[in-house]
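# Observations on the model geometry
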Amino acid sequence: MRIGHGYDVHRLVPGRPLILGGVIIPHPTGLLGHSDADVLTHAVMDALLGAAALGDIGRHFPDNDPAYAGADSLALLGHVVNLIREKGFTIENLDVTLIAQRPKVAPYIPLMKENLMRVLEVEEGQLNLKATTEEGLGFTGREEGISAHAVTLLV
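Residues numbered from 1 in each chain as written. Predicted model: local features only at pLDDT ≥ 70, side-chain atom pairs only at ≥ 80, totals over all residues. Heavy atoms only, no water.

Soluble, globular proteins show a tendency: their nonpolar side chains are buried together. Formed by 48 residues in total, the largest nonpolar core has its most connected members in Leu20, Leu48, Leu77, Met112 and Leu120. Mapped by element, the contributors of at least two residues to this core are strand S2 (18-20), strand S3 (23-25), helix H1 (39-51), helix H3 (73-86), strand S5 (91-99), helix H4 (109-120), strand S6 (127-132) and strand S7 (145-154). Among the elements that take part in this core, H1 stands out by supplying 9 residues, more than any other. Residues in contact with Leu20, not counting those within four places in the same chain, are Ile25, Leu31, Asp38, Val39, Leu40, Leu98, Val105 and Met112. (Core = buried A, V, L, I, M, F, W, Y, C linked by side-chain atoms within 4.5 Å. Buried < 20%, exposed > 50% of the residue type's maximum accessible area, 1.4 Å probe, protein only. Helix = DSSP H or I, 4+ residues; strand = E, 2+ residues; numbered from the N terminus. Contact = heavy atoms within 4.5 Å.)

A few words now on the packing of H3 against H4. To describe two helices that pack against each other, one gives the angle between their axes and the distance between the axes. It is at 9 Å that the axes of H3 and H4 come closest, and there the two elements cross at 35°. Taken as a pair, H3 and H4 cross one another with a handedness that is right-handed. Residue-level inspection shows Leu74, Leu77, Gly78, Val81 and Arg85 of H3 in contact with H4, the latter providing Asn115, Leu116, Arg118, Val119 and Leu120. Looking at the contact of H3 with H4 residue by residue, the classes come out as 6 nonpolar, 2 polar and 2 charged. (Axes fitted to C-alpha atoms, helices over the stretch in contact; angles between N-to-C directions. Left-handed = near helix turned anticlockwise from the far one by under 90°. Nonpolar A, V, L, I, M, F, W, Y, C, P; charged D, E, K, R; others polar.)

Looking now at the side chain of Lys113. One can find Lys113 in helix H4. Among the polar contacts made by the side chain of Lys113, one reaches the main-chain carbonyl oxygen of Leu127 at a distance of 3.2 Å. With residues near it in sequence (within four places) discarded, Lys113 still touches Glu124, Leu127 and Leu129. (Polar contact = N/O pair within 3.5 Å; in protein donor to acceptor, adjacent residues only side chain to side chain.)

The next subject is the environment of Leu12. Mapped onto the elements of the fold, Leu12 is located in strand S1 (residues 2-14). Once the C-alpha coordinates of Leu12 and Asn82 are considered, the two residues, 70 residues apart in sequence, prove to be 30 Å apart. Residue contacts for Leu12: discarding those within four places in its chain leaves Leu18, Thr29, Gly30, Leu31, Glu143, Glu144, Gly145 and Ile146.

Keep in mind that these numbers describe shape and distance, not what the molecule does.
Rendered as structure tokens:
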């Protein structure tokens, strides 16, 4: 058994779509990044890579490589899933927390979970996804960015 933790953060800026868990969420700002900046999916990838001792997403998908400009993070996650399977691991479970003051993402969680479960090839009981605010504190509380934490168990 291997445990992995992933963390990611991106700044909110005007003129970008807000994509979380592969879902486009209506909001006046979106996340800044080289790829689609899907902070939720990035945290999941880092947790999986960490548990398998395969580095991090920056190693596999460098932000200075034009091949990943605007990349779909769910497609990158599919690549990560293949990497951990090649190392002989399967996903036992994932617990993911999205941290955002706004927008309220609760209505989008079922679709985000569906997207992640499809790419991860896991069942409902293997993926927990939740969201919280930071009560107006810190950069997420000031609506300057969004962060995510993910913890996984690989067997």
